[in-house]
4 protein chains.
Amino acid sequence: MNFASDNTGPAHPRVMEAVVAANDGSAMPYGKDPWADRAVQAVRDVFNAPEAAVYLVPTGTAANAALLATLTPVWGTIFCHEDAHIAVDECNAPEFYTGGAKLTPVAGAHGKMTPGSLATAIARAVPGDVHSAQRGPISVTNVTEAGTVYSLDELAALTTGHGLPAHLDGARFANACAALDCSAADMAQGFDAISFGGTKNGCLGVEAAVILDPARAWEFELRRKRAGHLFSKHRYLSAQMAAYLKDDLWLTMARAANAACARLAAGLRAHPDVVFRHDPQANMIFAAWPRALHQALKSAGAEYYVMDGDWQTGPADEILTCRLVCDWSKSEAEVDRFLAIIRAG
Amino acid sequence: MNFASDNTGPAHPRVMEAVVAANDGSAMPYGKDPWADRAVQAVRDVFNAPEAAVYLVPTGTAANAALLATLTPVWGTIFCHEDAHIAVDECNAPEFYTGGAKLTPVAGAHGKMTPGSLATAIARAVPGDVHSAQRGPISVTNVTEAGTVYSLDELAALTTGHGLPAHLDGARFANACAALDCSAADMAQGFDAISFGGTKNGCLGVEAAVILDPARAWEFELRRKRAGHLFSKHRYLSAQMAAYLKDDLWLTMARAANAACARLAAGLRAHPDVVFRHDPQANMIFAAWPRALHQALKSAGAEYYVMDGDWQTGPADEILTCRLVCDWSKSEAEVDRFLAIIRAG
Amino acid sequence: MNFASDNTGPAHPRVMEAVVAANDGSAMPYGKDPWADRAVQAVRDVFNAPEAAVYLVPTGTAANAALLATLTPVWGTIFCHEDAHIAVDECNAPEFYTGGAKLTPVAGAHGKMTPGSLATAIARAVPGDVHSAQRGPISVTNVTEAGTVYSLDELAALTTGHGLPAHLDGARFANACAALDCSAADMAQGFDAISFGGTKNGCLGVEAAVILDPARAWEFELRRKRAGHLFSKHRYLSAQMAAYLKDDLWLTMARAANAACARLAAGLRAHPDVVFRHDPQANMIFAAWPRALHQALKSAGAEYYVMDGDWQTGPADEILTCRLVCDWSKSEAEVDRFLAIIRAG
Amino acid sequence: MNFASDNTGPAHPRVMEAVVAANDGSAMPYGKDPWADRAVQAVRDVFNAPEAAVYLVPTGTAANAALLATLTPVWGTIFCHEDAHIAVDECNAPEFYTGGAKLTPVAGAHGKMTPGSLATAIARAVPGDVHSAQRGPISVTNVTEAGTVYSLDELAALTTGHGLPAHLDGARFANACAALDCSAADMAQGFDAISFGGTKNGCLGVEAAVILDPARAWEFELRRKRAGHLFSKHRYLSAQMAAYLKDDLWLTMARAANAACARLAAGLRAHPDVVFRHDPQANMIFAAWPRALHQALKSAGAEYYVMDGDWQTGPADEILTCRLVCDWSKSEAEVDRFLAIIRAG
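Heads up: these notes are all about the structure in this document.

Scoring rules and cut-offs
Residues numbered from 1 in each chain as written. Chains lettered and ligands numbered in written order. Predicted model: local features only at pLDDT ≥ 70, side-chain atom pairs only at ≥ 80, totals over all residues. Heavy atoms only, no water. Axes fitted to C-alpha atoms, helices over the stretch in contact; angles between N-to-C directions. Helix = DSSP H or I, 4+ residues; strand = E, 2+ residues; numbered from the N terminus. Parallel < 35°, antiparallel > 145°, perpendicular 65-115°, else oblique. Left-handed = near helix turned anticlockwise from the far one by under 90°. Contact = heavy atoms within 4.5 Å. Nonpolar A, V, L, I, M, F, W, Y, C, P; charged D, E, K, R; others polar. Buried area = accessible area lost by both parts, 1.4 Å probe. Salt bridge = Lys/Arg side-chain N within 4 Å of Asp/Glu carboxyl O. Polar contact = N/O pair within 3.5 Å; in protein donor to acceptor, adjacent residues only side chain to side chain. Least-squares fit on C-alpha atoms with pLDDT ≥ 70 in both. Buried < 20%, exposed > 50% of the residue type's maximum accessible area, 1.4 Å probe, protein only. Pairing = 2+ DSSP bridges. Phe/Tyr/Trp six-rings, centres within 6.5 Å; stacked < 30°, edge-to-face > 60°. Lys NZ or Arg CZ within 6 Å of the ring centre and 35° of its normal.

1. Quick word on the packing of helix 12 (residues 249–269) of chain C against helix 14 (residues 332–344) of chain C
All names here are of chain C.
Turning to step 1, where the next piece is worked out: Two numbers describe how helix 12 lies on helix 14: the axes approach to 10 Å, and their chain directions differ by 15°. What the angle tells us is that helix 12 and helix 14 run roughly parallel. At the point where helix 12 passes helix 14, the crossing takes the right-handed sense. Between helix 12 and helix 14, the residues in contact are A260, R263, L264, G267 and L268 and E332, V335, D336, F338, L339 and I342, respectively.
Turning to step 2, where the next piece is worked out: Taken together, the residues of the contact of helix 12 with helix 14 break down into seven nonpolar, one polar and three charged.

In structure tokens, the structure reads:
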């Protein structure tokens, strides 16, 4: 009953098999392996972007920070939601990779910037005023950190009209696609650079950094190397990404994760003591219930984060918020076991 | 016949099996997996350093740069051989991670700094002179970039007497240990931080960053995260390192690589047209022979780097230098096939 | 009628005379000039801090950024008001000098953080969570960017209780002292580092960076040099600062500036069409009135910033906010001329 | 008898008078002062570069580092003499400003790179190899750190043929011009960016950063601001530079400095115990003589740097090398007094 994160789940057997299969004899290093071309081509295909620069890195933080560094001058500022992973969960990685650019936090309920809150933030950075940070990229996260999903229209409303480059943090890109029932190319519309996540969705550790303008490819390669993210035995990254995209495995897994989450949400919704903090639209739930129920769940071995207090000590009826995340491997049985415990109380 | 690098070889089956075995159900992320403790403990054991801070990263550049950043203030300079990987093969990663420190190149034949050349370089950075870069760590590479191996006495002569921290770039640490027939702890003597390589020696991609002073552990963790090198699905790094160290697999593989290299060197030495640029003391050979022989080898499918010219075009008798590297997987048959071709001419 | 900024005013004759006097024959460079000791001692005296490290730099941005870099690790975040100069007017200088630390904006009316808003911001940076920026210094600006002045009690309420270092951006330190009728030492209470401004208050260009803990002195010297702010002909900085502090000239000038501002505010307050945005407590006024009055003032040669629109084009009765700043040199006549024009309409 | 540096000398009276004259009433800040246009125009005129971007900063380190940052990507390396000020006397300022680029030291006798040593260094940075630092600008210092002067032909031989941008560290630009009897435009031939020094040659503290390609102007402005080098009371920089260039004062002062140096060198050359380390071609002398003579000079109050030992303690006949620098203010009498002492022994 591990709902702590989608990064607690295992790699999908087909991904692992591809890694094992790639371990066959010698292969040239640094992305010259035969699996690399296949992986890059597969990414270009799902994005319908035959010219895109595509590079593999092992973590989402690396993909985000290296892409943002490619889009942001040192005197720039990145506009992102105030709860964005790049703003609060990467220990200043964007500031590091950009060489000292800034992030401007943008307010918004349920993890979403609004066109208005974004425009207000952008207006404060004054182009041509040497004292002000200059306007850099807009970075949007979909699925959001609140487990909600921007619609395609909502995305378009953020990325258009400002004349600024746009970055998509797609750590849960697949889950958003599955939720919206859209293609990767649909979701990428309007973005200049995309962190296309694999790690949270059934890979061991691989993300594709996608840059639509191939003129920026070489710069990205240098930034990746300089950050220590160019793998010598690159084939193991290639093999993961190739298997991830083959036969829509990425979508199959995301749909499974979202379905498990929906089942869990439905069960919780039926519980009189459960309150939802945000509408769970993909594979994450933010909900609250009394400490006594947390204690029952935790004692039974359930793993998940309690956000705002100590579940072990305090009044039994105090309401504590938690986060539950489903990855591709969550079974109906596992979900139902969780629900049975909370129902039993 | 791939002698291009030790990073062209496959992972050892036992390493791969450990990765597959770790893919079993859920595991907590970011180094809280059960394999992590085992891996860290195994590293501490081989270094006989029960208090050491040990962290896993996926590449040698990441290990080097993050460790150097921990040892070097932004106003410092790192003393290293002028051909060191950190100086010429990491696209300014140390400068990036340190936030703008400098590297001072130290001269020396056959890839080795000498006590004299090092002392001369150190003397130029004047402590207490605000205009000068301040003295930072000494970084030593063993096996060197020239395929030679510092003896333990040579290492001690570099690391002692300057009152400066010392870093060991051990991308081929195992091969150096095997060559010297010493323990890891012996080789680590006098060093404050060690990049303990696994990638080139039979892993998929893992290096242990070892810091002897545990007071620097937290800083390193923050630097690793900020650089995007903290793996969420950390178990796959843990599993590699644990398997690598189990039952001395790391030494077994290094010995195999060195033996293959010795067999190759012996065969080449017997050839009248082969000249050695450096004495091959571990698993790398720098040697030279006429273009015609390169053409024969390349045509037969041999893979290796020719350093100083185009092997395809030019006079048949022009002498061209090349690098040959053996990893753990090189068979006697593969070596012998190479030798047979060069003998046939 | 230049009320654009206090940096539009001239240097005080006594400051200029000191510079001229320092131009006498040879003097050793880099702060070894005889005026340096006098200046440093004078700063220590007014702060009643005989051990403090004191360094001179030419701009407020340099003082702020270099001091913050001394207090903030690269993985840290600086807590400051969302309108602080370091946040919005220094083109990412703090991010640059710190090597990629972050600023966390803290909300608050009239340019002031409140204990509550500060505590909320601090709570979001979680110590020991490697994903989060770690808590760095609290930076407070007095006089605030809104022209208000924190009381000594308000300052203490911000700097105490968090176990974090505190930095005071004192670009208008003297004006705040004059407003509070307190000593420099009183205002410095609770701060670890102070940007003690001279430029805006009658100098040509000099700020004292004051670090209470002398153990950090050498680090600051290296940071200053590395940023190109160590003056070779340092005597001209020394002479300014020594003259600035001699016979309380700094306070005399600040009182004059505040008095001119108070006179201006009183006159404006009497005008039926003038609205104050903040209470002018030192030498800055934020006020609003109809475009027609702006047009009258500007046509008569008044210089000042209109913040939120084009004073030249638009409805005559539209209300536009402006900023008026008085430096030490503003005469009563100049103030009265401005008031006469706005009264005439 | 201060020959410690040209930065120990006073500002020229006409420069100081210009500063005093600029202190007249209000002036708009940040380079909008009326003296700024005059200064910028004067710089463009002497360089015969009507389109050049010209910015004033207070120190040579700031000019060098900000210009190099404009020319060098973070993955680049700067080619410069191994004794260049940017390499050994700026505490990693170029590494800081560039965000972690590298400097590649180039060997050469008497402070001069040769076309051969430069080409060798450039060849080591391999374009298109992601592991290597990429080729950045060539930085040349004239007058060199050894007091020698590159001829115009020597400069052209360094700046042409590599397809790389070129930077001129002209901390002693005027002295080089005077030595070569060439125009500023002649010396600037082939350079993309020039640090045009004023501080060492009779100013209080001002350097012009000159960028020939105006398309890079805005970037430089942002870098200057972000480094804290945009002066609010910019008029005092403007006034210095305008006076410096008016009626060729800069050349008059440089010629005076060079003449004093030549007189000093001639006197020393006549002394049997004096050995020259480099040929003094501008305003610096590197020479050696026995400790006893140093003791005589120092006891008489002569100020200069002894480079390689303690002049106070040791054998009287030990030869110690020293540096002597003349600024514009050195009188014949002062030079002759020095010579009289050394002659007396």
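2. A look at the interface of chain B and chain D
Turning to step 1, where the next piece is worked out: In this assembly, 23 residues from chain B lie in contact with 23 residues from chain D.
Turning to step 2, where the next piece is worked out: Roughly 1600 Å² of surface becomes buried between chain B and chain D when both sides are summed, with 39% attributable to carbon and sulfur atoms.
Turning to step 3, where the next piece is worked out: Among the residues chain B hides against chain D, the three largest losses belong to C91, N92 and K102 of chain B. Together they make up 32% of the total.
Turning to step 4, where the next piece is worked out: At the boundary of chain B and chain D, one finds four salt bridges.
Turning to step 5, where the next piece is worked out: R124 of chain B is paired through a salt bridge with D83 of chain D; the nearest N and O atoms lie 2.7 Å apart.
Turning to step 6, where the next piece is worked out: Between the two partners, chain B and chain D, sit 14 residue pairs in polar contact (both at pLDDT 80 or more).
Turning to step 7, where the next piece is worked out: Put simply, the parts of the chain that give the side of chain B that touches chain D at least two residues each are helix 4 (85–88), helix 5 (93–98) and strand 3 (102–106) of chain B.
Turning to step 8, where the next piece is worked out: When residues of the side of chain B that touches chain D are assigned to their parent elements, the largest contribution, three residues, is made by helix 4 of chain B.
Turning to step 9, where the next piece is worked out: Residues that form the side of chain B that touches chain D fall into these classes: eleven nonpolar, five polar and seven charged.

3. Structural notes on the relation of the copies chain B and chain A
Turning to step 1, where the next piece is worked out: When chain B is brought onto chain A, the operation consists of a screw motion whose angular component is 180° and whose axial shift is 0.0 Å, with 0.0 Å RMSD remaining. What we have between these two chains is a two-fold relation. Scanning chain B for the C-alpha nearest the rotation axis identifies A227 of chain B, at a separation of 3.4 Å.
Turning to step 2, where the next piece is worked out: An overlap of 96% is found between the interface residues of chain B and their copies at the interface of chain A, pointing to a shared contact surface.

4. Overview of the environment of R14 of chain A
Residue and element names in this part refer to chain A.
Turning to step 1, where the next piece is worked out: Mapped onto the secondary structure, R14 falls in helix 1 (residues 13–22).
Turning to step 2, where the next piece is worked out: Linking R14 and L249, residues 235 residues apart in sequence, is a C-alpha distance of 8.6 Å.
Turning to step 3, where the next piece is worked out: Those residues in contact with R14 that sit more than four places away from it in its chain are A243, K246, D247 and L249.
Turning to step 4, where the next piece is worked out: A distance of 3.5 Å separates the side chain of R14 from the backbone oxygen of K246, its partner in a polar contact.

5. Some details on the pattern of salt bridges
Turning to step 1, where the next piece is worked out: Inspection of the entire model under this criterion finds 44 salt bridges over all chains.
Turning to step 2, where the next piece is worked out: A salt bridge links E95 of chain C to K102 of chain A; the shortest N-O distance between them is 2.7 Å. Note that E95 of chain C is positioned in helix 5 (residues 93–98) and K102 of chain A in strand 3 (residues 102–106), a pairing that runs across two chains.
Turning to step 3, where the next piece is worked out: E95 of chain C sits in the buried class, given a relative accessible area of 1%.
Turning to step 4, where the next piece is worked out: Ionic contacts of the salt-bridge type, sharing partners, join the residues R263, E332 and D336 of chain A into one network.

6. Quick look at the relation of the copies chain B and chain D
Turning to step 1, where the next piece is worked out: Rotating chain B by 180° about the axis while translating it 0.0 Å along that axis superimposes it on chain D, leaving an RMSD of 0.0 Å.
Turning to step 2, where the next piece is worked out: A high fraction, 100%, of the interface residues of chain B reappear at the interface in chain D, so the copies pair face to face through one surface.

7. Some remarks on the sheet that holds strand 2 (residues 76–81) of chain D
All names here are of chain D.
Turning to step 1, where the next piece is worked out: If you trace the seven strands from one edge of the open sheet to the other, you get 1-7-6-5-4-2-3, paired in mixed fashion. This sheet does not close on itself; its edge strands, each paired only once, are strand 1 (53–57) and strand 3 (102–106). If you compare each strand with its neighbour and ignore which way they point, the axes differ by 20° on average.
Turning to step 2, where the next piece is worked out: Pairing of strand 2 with strand 3, which is carried by five bridges, proceeds in the parallel orientation. Looking at strand 3, one finds that F79 is bridged to T104.
Turning to step 3, where the next piece is worked out: Most of the contacts of helix 10 (residues 217–226) go to strand 1, to which it runs at about 10°, and overall it touches strand 1 and strand 7 (207–211).

8. Thoughts on the sheet that holds strand 8 (residues 275–276) of chain B
Residues and elements named next belong to chain B.
Turning to step 1, where the next piece is worked out: The strand order 8-9-11-10 describes an open sheet built from four strands, whose pairing is antiparallel. At either margin of the open sheet sits one strand with a lone partner, and together these are strand 8 and strand 10 (305–306).
Turning to step 2, where the next piece is worked out: Judged from the two bridges that link them, strand 8 and strand 9 (residues 284–290) form a sheet pairing that is antiparallel. In the strand pairing of strand 9, F276 is matched with A287.

9. Side note on the packing of aromatic side chains
Turning to step 1, where the next piece is worked out: Under the counting rule described, the total for this entry stands at 54 aromatic pairs over all chains.
Turning to step 2, where the next piece is worked out: With a centroid separation of 6.4 Å and an interplanar angle of 40°, the aromatic rings of F173 of chain A and W250 of chain A are classed as tilted. Pair noted here: F173 of chain A is in helix 8 (residues 173–180) and W250 of chain A is in helix 12 (residues 249–269), with a separation of 77 residues, a long-range link. Side by side, F173 of chain A and W250 of chain A carry an identical accessibility label, which is buried.
Turning to step 3, where the next piece is worked out: Through pairs of rings, three or more aromatic residues link up here, namely F47, F173, F196, Y244 and W250 of chain A.
Turning to step 4, where the next piece is worked out: Across the ring face of F3 of chain B, the terminal group of K330 of chain B is positioned such that the distance to the ring centre comes to 5.3 Å.
Turning to step 5, where the next piece is worked out: Taking NZ or CZ as reference, R269 of chain D lies 4.8 Å from the ring centre of F276 of chain D, over its face.

Keep in mind these values describe shape, not function.
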